[in-house]
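Here is how the chains run, residue by residue.
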Amino acid sequence: LGYRLGEILALRGLGYDERFVGEYGQAREHYTQALTLARSLGDRPGEVSALRGLGEVERLVGEYGQARDYHTQALILARQVSDRCAEAEALWELGHVCADTARRDQARELWGQALEIYDELGVPSADTIRTAIRELEG
């Protein structure tokens, strides 16, 4: 149909599904295709989402440096486009990278920043972050 933005959405959805079932190589490929297309079209929200997906794939396979890089890029871009929800999600995911690599203080700080944004926006995910912070401290 030539609907390139729809193609980005489909690729991200495939990446999510593949990630969910543990097909990390396929997920990486779909997210990379979505990222490339989003960048070529100037779809900044699509780019943020694809970067976050790639970051999650890399975290799940233990490539923490690469995961941190992708999530940091997503965070910077989310801030540039003033997408507070995407900013909070990137902070949340960066916190997971820190928690997975025994950087508990950094994880707590990042999750605290995400929590502030979620509380400000009234997003139900705030409760999930509160629980994660309590468990981190426990």
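Residues numbered from 1 in each chain as written. Predicted model: local features only at pLDDT ≥ 70, side-chain atom pairs only at ≥ 80, totals over all residues. Heavy atoms only, no water.

What follows covers the overall build of the protein chain. For the protein chain, the helix and strand inventory stands at seven helices and zero strands. When the helices and strands of the protein chain are placed in sequence order, the string is α-α-α-α-α-α-α. Relative to the globule expectation of 14 Å for 138 residues, the C-alpha radius of gyration of the protein chain, 15 Å, shows essentially globular dimensions. Split into buried and exposed, the 138 residues of the protein chain put 43% on the buried side. Of the roughly 7300 Å² that the protein chain leaves accessible, carbon and sulfur atoms contribute 48%. Of the charged side chains in the protein chain, 16 are positive and 24 negative, and the gap between their average positions amounts to 2 Å. (Helix = DSSP H or I, 4+ residues; strand = E, 2+ residues; numbered from the N terminus. Rg over C-alpha atoms; globule rule 2.2 N^0.38 Å. Buried < 20%, exposed > 50% of the residue type's maximum accessible area, 1.4 Å probe, protein only. Areas by Shrake-Rupley, 256 points an atom, 1.4 Å probe, with all protein chains shown as cover. Lys, Arg positive; Asp, Glu negative; His and termini not counted. Charge placed at Lys NZ, Arg CZ, Asp CG, Glu CD.)

Right, let's talk about the packing of aromatic side chains for a bit. To describe a pair of aromatic rings, you give the distance between the ring centres and the angle between the ring planes. Taken as a whole and judged by the stated rule, the model has two aromatic pairs. Ring geometry for Tyr 16 versus Phe 20: centroids 6.4 Å apart, planes at 15°, classification stacked. One end of the pair, Tyr 16, and the other, Phe 20, are both in helix H1 (residues 4-20), four residues apart, so they sit about a helical turn from each other. For Phe 20, a relative accessible area of 67% puts it in the exposed group. Ring geometry for Trp 92 versus Trp 111: centroids 5.1 Å apart, planes at 40°, classification tilted. Taken together, the positions of Trp 92 in helix H5 (residues 84-100) and Trp 111 in helix H6 (residues 104-121) put the pair 19 residues apart, joining distant regions of the chain. Neither residue differs from the other here; Trp 92 and Trp 111 are each classed as buried. (Phe/Tyr/Trp six-rings, centres within 6.5 Å; stacked < 30°, edge-to-face > 60°.)

Next up on the list: the nonpolar core. Grouped together as the largest cluster of nonpolar side chains are 37 residues, with contacts concentrated most on Val 48, Leu 51, Leu 91, Trp 92, Trp 111, Ala 114 and Ile 129. Setting aside its immediate chain neighbours within four residues, Leu 91 contacts Leu 75, Arg 79, Leu 110, Trp 111, Gln 113, Ala 114 and Ile 117. (Core = buried A, V, L, I, M, F, W, Y, C linked by side-chain atoms within 4.5 Å. Contact = heavy atoms within 4.5 Å.)

The next point concerns the confidence of the model for the protein chain. Close inspection of predicted coordinates is inappropriate for parts of the model with low pLDDT. Averaged over every residue, the pLDDT of the protein chain is 95; residues scoring 70 or more account for 99%. At the level of individual helices and strands, the protein chain shows its lowest average pLDDT in helix H7 (residues 126-137), which scores 90, and its highest in helix H4 (residues 64-80), which scores 98. (pLDDT = per-residue confidence, 0-100.)

Considering all chains together, one arrives at 14 salt bridges under this definition. Among the salt bridges present, the one from Glu 47 reaches Arg 39, with a minimum N-O distance of 2.9 Å. Salt-bridge contacts for Glu 87 lead to Arg 79; the nearest nitrogen and oxygen are separated by 2.9 Å. Beyond isolated ion pairs, a larger network of salt bridges with shared partners links Arg 79, Arg 84, Glu 87 and Glu 120. (Salt bridge = Lys/Arg side-chain N within 4 Å of Asp/Glu carboxyl O.)

Taking 1.5 Å as the rise per residue, H6 with 18 residues should run 26 Å; its terminal C-alpha atoms sit 25 Å apart, in good agreement. Taken residue by residue, H6 has Ala 107, Leu 110, Trp 111, Ala 114, Leu 115, Ile 117 and Tyr 118 as its buried positions. Buried positions in H6, seen along its axis, are confined to an arc of 165° and lie on one side of it. Exposed and oriented more than 90 degrees from the buried face of H6 are Asp 105, Glu 109, Glu 116 and Glu 120. Against H5 and H7 lie the buried residues of H6. One or two residues past the end of H6 sits Gly 122, with phi positive at roughly 75°. (Expected span 1.5 Å × (residues − 1). Arc of directions from axis to C-beta.)

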